[in-house]
Amino acid sequence: MLDKISKKILAELQSDGRISNVELAARVNLSPAACLERVRKLHESGYIMGYTAQLNPQLLDVSLLVFIEVVLDRTTPEVFDAFKQSVQLIPEVLECHMVAGGFDYLVKARVKDMAAYREFLGKTLLQKGVRETHTYAVMEEVKNTTKLPIK
């Protein structure tokens, strides 16, 4: 179980992963040494998995965000494993989730534009044992966050 201070540390780090230990310690009312030890323990126990930079997709020429429902040819362990392994190697794929329901996987991907998406779909995604797909192009990102709720 996390105590109140550890939860505050996690919340602060989600807001600013580059915060200095001294500033983090001040925000959670700990000494810098005690704060550093808490952060180390949160890493070791798996609460903190790593740190990343959030990049601007428009400036990197990958402004089209798409969600793709994927139905596989067959639903055998071998086909699932082959799809999972292949999708790991596709840089345009940001997320891929096996889901329960009317399709097998939900894929989140970013590409330059619709022409790039058509090429991505035809040359990359459809070559991996996929029977059918349904694509949803994002018109507006209403909310996009990586922050987890900490209660």
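It should be emphasised that the depicted structure is a prediction, and the values quoted were computed from it without experimental measurement.

### Concerning the UniProt feature "domain: HTH asnC-type" (unreviewed entry) in the protein
Mapped onto this numbering, the UniProt entry gives "domain: HTH asnC-type" (unreviewed entry) at residues 2–63. What you have in residues 2–63 is 53% helix and 0% strand, and the ends, taken at the C-alpha atoms, are 38 Å apart.

### As for the packing of aromatic side chains
What the rule picks out here adds up to three aromatic pairs. With a centroid separation of 6.0 Å and 40° between ring planes, the pair formed by tyrosine 117 and phenylalanine 120 is classed as tilted. Taken together, the residues tyrosine 117 and phenylalanine 120, both in helix 5 (residues 114–123) and three residues apart, mark about one turn of the helix. Residue phenylalanine 120 is classed as buried on the basis of its relative accessible area of 3%.

### Regarding the side chain of serine 6
Among the structural elements, serine 6 can be located in helix 1 (residues 4–15). Looking at serine 6, the relative accessible area reads 8%, which means it is buried. Sequence-distant contacts of serine 6, that is, excluding residues within four places in its chain, are made with Arg38 and Leu42.

Reading the values: rules and limits
Residues numbered from 1 in each chain as written. Predicted model: local features only at pLDDT ≥ 70, side-chain atom pairs only at ≥ 80, totals over all residues. Heavy atoms only, no water. UniProt positions renumbered as here; feature names shortened; annotations may be inferred. Helix = DSSP H or I, 4+ residues; strand = E, 2+ residues; numbered from the N terminus. Phe/Tyr/Trp six-rings, centres within 6.5 Å; stacked < 30°, edge-to-face > 60°. Buried < 20%, exposed > 50% of the residue type's maximum accessible area, 1.4 Å probe, protein only. Contact = heavy atoms within 4.5 Å.

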